[in-house]
Amino acid sequence: MNSIHKLLIRLKVISLYGLSQSITPLGYLLISYFIIKFKSIAFWGSYVEVLIWVNLILLLLSFGNKAYLLKEISKTPAKLYQLWFSNFLNRSILLIPSFLIIIFTSFFNDKILLTCLWIVLLFITQSCQVLILYLKDFKYSLFVEIIFNSLILLFVFLKIDTLDLLGFLSIVVFSNLAKVLLFILYYYKKMKGLTFRFSPSELKRNIPYFIPLTLGTVRVKIDTYFANTLFSVSDLGKYQILISFISIGHITTTYFVNPYLKVFFRVSDSIIKRIKRQFFVFGVFYGLAFVIATYFIITNVYLIQFTLANYITVFTFFIPLLFQMILVNQIYKYNQQNLVSYVALFVIFLQLIIGYFLIQEQGIQGALILKASSQWLITLLLWFWFRKVKNNKLA
């Protein structure tokens, strides 16, 4: 009975974590539906154009946050809040270059103050994610995300007739402010007696954690960076809807993989090999089912048309995804993290060379080809080079 009880508790935690992670992209899709239905796809594309820039700046602000801080907290859990607070102060210096990017980029000319406030609020919520993850406050996080998305939907509904881009950005910023206040109210009472320890040199220790994160993010999102530059706002809005569905599919795959990661360091390579093979086959069926579901929702609910070639390309993106996730964790098991960074850097280099011309010539299909081909390329290169490294070590 005890083992069953523990299993149920673990499943509850995993489910809450999954829901808290999924609610943001799901809310994003729901909001996009109302904007497209009552305004236009071009209106949504104009917002996506701003959002891509903001998320790129947010990547800079993630320096020194999740992976590094979780490791530091795990060493001295008793100092959880002091470590978090010191890290928050040290990372806040990164807001200065972020503000300078916004001020001196002509794209933000009519929305500088609004974007700066948005960045500060996102920086705070990004920092709170470490506390949520470490303390397993997934239920509260889910509650906050529901409030956040509900506020956006409510104000969009009330203002839909007169809504313009600046008005919508104001709604998003206000909703983020509500989210931050809810997190502050929840965690403030636990942060008594903290001392100010400002030491920017702490950021230097995070470089080994930040480089793989940055390379991975850029590799996965480089198609949207090109799209932001080359697409019209209508095509950008249309493409971002499809990418949002792909993101949900990507997040969902982690639910299948995560249960296996806990035993990775205890099982033999032959078992891992069998798991990889099974997941590769599963990826084919998962990708097919997900693409069919995506087609019916986008076509019948959003009333957006994509070509058959578009959906086939999305399907090919999903096939190696689960296999690659297992492979990367196997590489980490052998302490070959640098291999992932080197391969990712090489793939990004190829993406930069090929992506511009591919997307300029083929538009949305070119962006999807870039996304799917880079997924296959990094999987094959990691598989080939890891086998070579492992065989050399055993020789």
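Some details on the overall build of the chain
What the chain contains, in helices and strands, is 14 helices and 0 strands. Listing each helix as α and each strand as β along the chain from the N terminus yields α-α-α-α-α-α-α-α-α-α-α-α-α-α. Burial status across the chain gives 47% buried among its 395 residues. Expressed as a percentage of contacts within the chain between residues at least 6 apart in sequence, the contacts between residues at least 24 apart total 84%. As displayed, the chain has an accessible area near 20,100 Å², and 70% of this comes from carbon and sulfur atoms.

Some thoughts on the packing of aromatic side chains
The full count for this structure, using the stated rule, is 32 aromatic pairs. Note on Phe-107 and Phe-108: the rings are 5.2 Å apart at their centroids and 80° apart in plane angle, and the pair reads as edge-to-face. Residue class for Phe-107 comes out partly exposed when judged on its relative accessible area of 22%. A centroid spacing of 5.4 Å and a plane angle of 85° characterise the contact between Tyr-295 and Tyr-311, whose relative ring orientation is edge-to-face. On the criterion of sequence distance, the pair formed by Tyr-295 in helix α11 (residues 269-300) and Tyr-311 in helix α12 (residues 308-318) is long-range, its members being 16 residues apart. On the basis of relative accessibility, which here comes to 36%, the residue Tyr-295 falls in the partly exposed class. Positioned above the aromatic ring of Phe-306 is the side chain of Lys-238, whose terminal nitrogen or guanidinium carbon lies 5.1 Å from the ring centre.

Describing the pattern of salt bridges
Here the structure, examined in full by the defined rule, presents 3 salt bridges. Where Asp-223 meets Lys-371, a salt bridge forms, and the shortest distance between an N and an O atom there is 3.4 Å. One end of the pair, Asp-223, is in helix α9 (residues 207-230); the other, Lys-371, is in helix α14 (residues 337-394), and 148 residues separate them in sequence. Exposure class is identical for Asp-223 and Lys-371. Each is buried.

Let's talk about a nonpolar patch on the surface
A surface patch of nonpolar side chains, about 620 Å² in accessible area, is lined by Ile-93, Ile-96, Leu-100, Ile-103, Phe-104 and Phe-198. One can find Ile-96 in helix α5 (residues 95-104).

Describing the side chain of Lys-276
Position of Lys-276 among the secondary structure elements: in helix α11. For Lys-276, a relative accessible area of 9% translates into the label buried. Not counting residues within four places of it along the chain, the set of residues in contact with Lys-276 comprises Phe-323, Ile-326, Leu-327 and Gln-330.

Details of the packing of helix α2 (residues 41-61) against α5
Axis separation between α2 and α5 bottoms out at 9 Å; the angle between their running directions is 160°. As summarised for this structure, α2 and α5 are arranged roughly antiparallel, according to the angle between their axes. Helix-helix and strand crossings are classified by hand; for α2 and α5 the assignment is right-handed. Along the contact surface, α2 presents Ile-57, Leu-60 and Leu-61, while α5 presents Leu-95, Pro-97, Ser-98, Ile-101 and Ile-102.

A short note on the confidence of the model for the chain
In this model, the chain carries an average pLDDT of 85, and 89% of its residues clear a pLDDT of 70 or more. Within the chain, the element-level pLDDT minimum falls on helix α1 (residues 2-38), averaging 71, and the maximum on α12, averaging 96.

Thoughts on α9
Compared with the 34 Å implied by 1.5 Å per residue over 24 residues, the 32 Å span of α9 between its first and last C-alpha is a close match. The principal kink in α9, of about 55°, is found at Lys-221. Within the span of α9, buried status applies to Phe-210, Thr-214, Leu-215, Thr-217, Arg-219, Ile-222, Asp-223, Thr-224, Tyr-225, Phe-226, Ala-227 and Asn-228.

Focus: the environment of Ile-354
For Ile-354, the position within the fold is in helix α14. Sequence separation between Ile-354 and Leu-370 is 16 residues; the distance between their C-alpha atoms is 8.1 Å.

Looking at unusual backbone geometry
Of note, Lys-136 is a non-glycine position whose phi angle comes to about 55°, a positive value. With respect to the helices and strands, the residue Lys-136 is situated in the loop between α6 (112-135) and α7 (138-159).

With respect to the packing of α2 against α9
Relative to each other, α2 and α9 sit at 165°, their axes nearing to 11 Å. Considered as vectors, α2 and α9 are oriented roughly antiparallel to each other. In this structure, α2 crosses over α9, and the sense of that crossing is left-handed. Across the interface between the two elements, Glu-49, Ile-52, Trp-53, Leu-56, Leu-59 and Leu-60 from α2 touch Phe-210, Thr-214, Thr-217, Val-218, Thr-224, Tyr-225 and Asn-228 from α9.

Reading the values: rules and limits
Residues numbered from 1 in each chain as written. Predicted model: local features only at pLDDT ≥ 70, side-chain atom pairs only at ≥ 80, totals over all residues. Heavy atoms only, no water. Helix = DSSP H or I, 4+ residues; strand = E, 2+ residues; numbered from the N terminus. Buried < 20%, exposed > 50% of the residue type's maximum accessible area, 1.4 Å probe, protein only. Contact = heavy atoms within 4.5 Å. Areas by Shrake-Rupley, 256 points an atom, 1.4 Å probe, with all protein chains shown as cover. Phe/Tyr/Trp six-rings, centres within 6.5 Å; stacked < 30°, edge-to-face > 60°. Lys NZ or Arg CZ within 6 Å of the ring centre and 35° of its normal. Salt bridge = Lys/Arg side-chain N within 4 Å of Asp/Glu carboxyl O. Patch = residues over 30% accessible without salt bridge, like charges linked within 9 Å, V, L, I, M, F, W, Y side chains within 5 Å. Axes fitted to C-alpha atoms, helices over the stretch in contact; angles between N-to-C directions. Parallel < 35°, antiparallel > 145°, perpendicular 65-115°, else oblique. Left-handed = near helix turned anticlockwise from the far one by under 90°. pLDDT = per-residue confidence, 0-100. Expected span 1.5 Å × (residues − 1). Bend = angle between axes of the 7 residues up to and from the residue.

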